[in-house]
Amino acid sequence: APASAPSTSTAALDFEVFKTRIQPIFLAKREGLARCYVCHSQGTNFRLQTLAQGATSWTDEQSRLNFGAVQRLVVPGDPSSSRLLMLPLAEEAGGDPFHPGGKHWNSFLDPEWQTIANWVCGRKASEKIVELTGACE
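Residues numbered from 1 in each chain as written. Predicted model: local features only at pLDDT ≥ 70, side-chain atom pairs only at ≥ 80, totals over all residues. Heavy atoms only, no water.

## Remarks on the nonpolar core
Inference 1: Phe-26, Ile-116 and Trp-119 are the most contacted members of the largest nonpolar core, which totals 31 residues.
Inference 2: Secondary structure elements with two or more residues in this core: helix 2 (15–27), helix 3 (36–40), helix 4 (60–71), helix 5 (83–86) and helix 6 (111–121).
Inference 3: Ignoring anything within four residues of it in the chain, the contact list for Phe-26 reads Phe-18, Arg-35, Cys-36, Tyr-37, Phe-46, Leu-48, Trp-58, Val-70 and Leu-84. (Core = buried A, V, L, I, M, F, W, Y, C linked by side-chain atoms within 4.5 Å. Buried < 20%, exposed > 50% of the residue type's maximum accessible area, 1.4 Å probe, protein only. Helix = DSSP H or I, 4+ residues; strand = E, 2+ residues; numbered from the N terminus. Contact = heavy atoms within 4.5 Å.)

## A short note on the layout of surface pockets
Inference 1: Here the largest pocket defines a volume of roughly 480 Å³.
Inference 2: His-40, Thr-44, Phe-46, Leu-87 and His-99 are, among the 24 residues lining the largest pocket, the residues nearest its centre.
Inference 3: At the level of secondary structure, the elements contributing two or more residues to the lining of the largest pocket comprise helix 2, helix 3 and helix 5.
Inference 4: Of the residues assigned to the lining of the largest pocket, the class counts are 14 nonpolar, six polar and four charged. (1 Å grid on protein atoms, 1.4 Å probe; cavity = no way out; pocket = protein on both sides within 12 Å on 5 of 7 lines; lining within 4 Å. Points joined across faces, edges and corners; volume = space filled by probe spheres on them. Nonpolar A, V, L, I, M, F, W, Y, C, P; charged D, E, K, R; others polar.)

## Here's the deal with the side chain of Ser-41
Inference 1: By the element assignment, Ser-41 lies in the loop between helix 3 and helix 4.
Inference 2: Reaching out from Ser-41, the side chain makes a polar contact with the backbone oxygen of Tyr-37 at a distance of 2.9 Å.
Inference 3: Beyond its immediate chain neighbours, meaning those up to four positions away, Ser-41 contacts Arg-47, Leu-48 and Thr-50. (Polar contact = N/O pair within 3.5 Å; in protein donor to acceptor, adjacent residues only side chain to side chain.)

## A few points about helix 4
Inference 1: If you check helix 4, its first and last C-alpha atoms are 16 Å apart, about what 12 residues at 1.5 Å a residue would give, namely 16 Å.
Inference 2: For helix 4, the set of buried residues is Gln-62, Ser-63, Asn-66, Phe-67, Ala-69 and Val-70. Seen from one end, helix 4 has its buried residues packed into an arc of 165°, which puts them on one side.
Inference 3: Buried residues along helix 4 sit against helix 2, helix 5 and helix 6. (Expected span 1.5 Å × (residues − 1). Arc of directions from axis to C-beta.)

## What to know about the packing of helix 2 against helix 6
Inference 1: In the contact formed by helix 2 and helix 6, the axes pass within 10 Å of each other and the chain directions differ by 150°. Comparing their axes, helix 6 and helix 2 come out roughly antiparallel. Between helix 2 and helix 6 the crossing geometry is left-handed. Facing helix 2, whose interface residues are Val-17, Phe-18, Arg-21, Ile-22 and Ile-25, helix 6 presents Glu-112, Thr-115, Ile-116 and Trp-119.
Inference 2: A per-class count over the contact of helix 2 with helix 6 returns six nonpolar, one polar and two charged. (Axes fitted to C-alpha atoms, helices over the stretch in contact; angles between N-to-C directions. Parallel < 35°, antiparallel > 145°, perpendicular 65-115°, else oblique. Left-handed = near helix turned anticlockwise from the far one by under 90°.)

Right, here's the structure in full:
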């Protein structure tokens, strides 16, 4: 791979979309499971910034740090190689066998999975990813 590949790939990820569409997913309440933030604000390799007491969202500076942390878990243009999408996806749907926080999505059709995958693919949030493969194309 060319030496310039990492800088080109990170440029493909849109910070504003991350801040407004992706970060709220980490704070969403989950039936029977903890919010992503509960575990990922402490003691995990993927670390989200700690919210200020009483805050319901991150500051711009914290969002930039979260964006940096998430960039290590995604492969722009390749949802199925992106740990952010594959660890919480049910194994039957093609996800990784193990995610200590449980499986949050049962298929590629889950709206949260679609939102993150569209971001990874550089698409508008309203577009549908190919349902059967989870690929950008």
